[in-house]
Amino acid sequence: MRRALLAALALAACAAPAEPRTTRFTVGGMVCHSCEQGICAEVQKLDGVLGCTADHVAGSAEIRHDPAKAPPEAIAAAITKLGYTAAPQ
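What comes next is a walk through the structure. (Residues numbered from 1 in each chain as written. Predicted model: local features only at pLDDT ≥ 70, side-chain atom pairs only at ≥ 80, totals over all residues. Heavy atoms only, no water.)

On to the state of the cysteines. This model, assessed by the stated rule, comprises one disulfide. Paired by a disulfide, C40 and C52 hold their sulfur atoms 2.2 Å apart. Taking the torsion about the sulfur-sulfur bond, which here is approximately -70°, the covalent link between C40 and C52 counts as left-handed. Residue C40 is found in helix α2 (residues 33–43), and its partner C52 is found in strand β2 (residues 49–55); the two are separated by twelve residues along the sequence. As a non-bridged cysteine, C32 has C35 as the owner of its nearest cysteine sulfur, 3.7 Å distant. (Disulfide = S-S within 2.5 Å. Helix = DSSP H or I, 4+ residues; strand = E, 2+ residues; numbered from the N terminus.)

Okay, the sheet that holds strand β1 (residues 21–28) next. Judged by pairing direction, the sheet is antiparallel, and its four strands sit side by side in the order β2-β3-β1-β4 without closing on themselves. Strands at the two margins of the open sheet, each flanked by one partner only, are β2 and β4 (85–88). Strand-to-strand twist of the sheet, defined as the mean angle between neighbouring strand axes without regard to direction, takes the value 25°. In terms of strand pairing, β1 meets strand β3 (residues 60–65) through six bridges, oriented antiparallel. Each residue of the ladder has a partner; that of T23, found in β3, is I63. Of the strands in this sheet, β1, β2 and β3 touch α2, which is tilted by about 165° from β2. Contacts between helix α3 (residues 72–81) and the sheet are confined to β1, β2, β3 and β4, with β1 contributing the most and set at about 35° to the helix. (Pairing = 2+ DSSP bridges. Axes fitted to C-alpha atoms, helices over the stretch in contact; angles between N-to-C directions. Contact = heavy atoms within 4.5 Å.)

Our next topic: the pattern of salt bridges. According to the stated counting rule, one finds three salt bridges in the structure shown. Here R24 and E62 are joined by a salt bridge, their closest N and O atoms 2.9 Å apart. One end of the pair, R24, is in strand β1; the other, E62, is in strand β3, with 38 residues separating them in the sequence. Judged by relative accessible area, which is 34%, R24 ranks as partly exposed. Overall, the relative accessible area of 32% leaves E62 in the partly exposed class. Where K45 meets E42, a salt bridge forms, and the shortest distance between an N and an O atom there is 3.2 Å. (Salt bridge = Lys/Arg side-chain N within 4 Å of Asp/Glu carboxyl O. Buried < 20%, exposed > 50% of the residue type's maximum accessible area, 1.4 Å probe, protein only.)

So, in structure tokens, the structure goes:
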């Protein structure tokens, strides 16, 4: 039993980290460049977020993130906390 546990722990330690990915969000309520900056500033506070671009004209944001550390739901919650609507596409 102990060997199986040690083998499982060793395998978990050697597992490859999650690959970063880019998720596009539909964001409602942005009206200007300051809105874009505010959203990206807030989202980039999350551990696992690697980059952010937002476009108020398109009503969207693209977030590059490690989904294991910053799942899309957490990113949407951070945007919603600012008073915008947000949903991953």
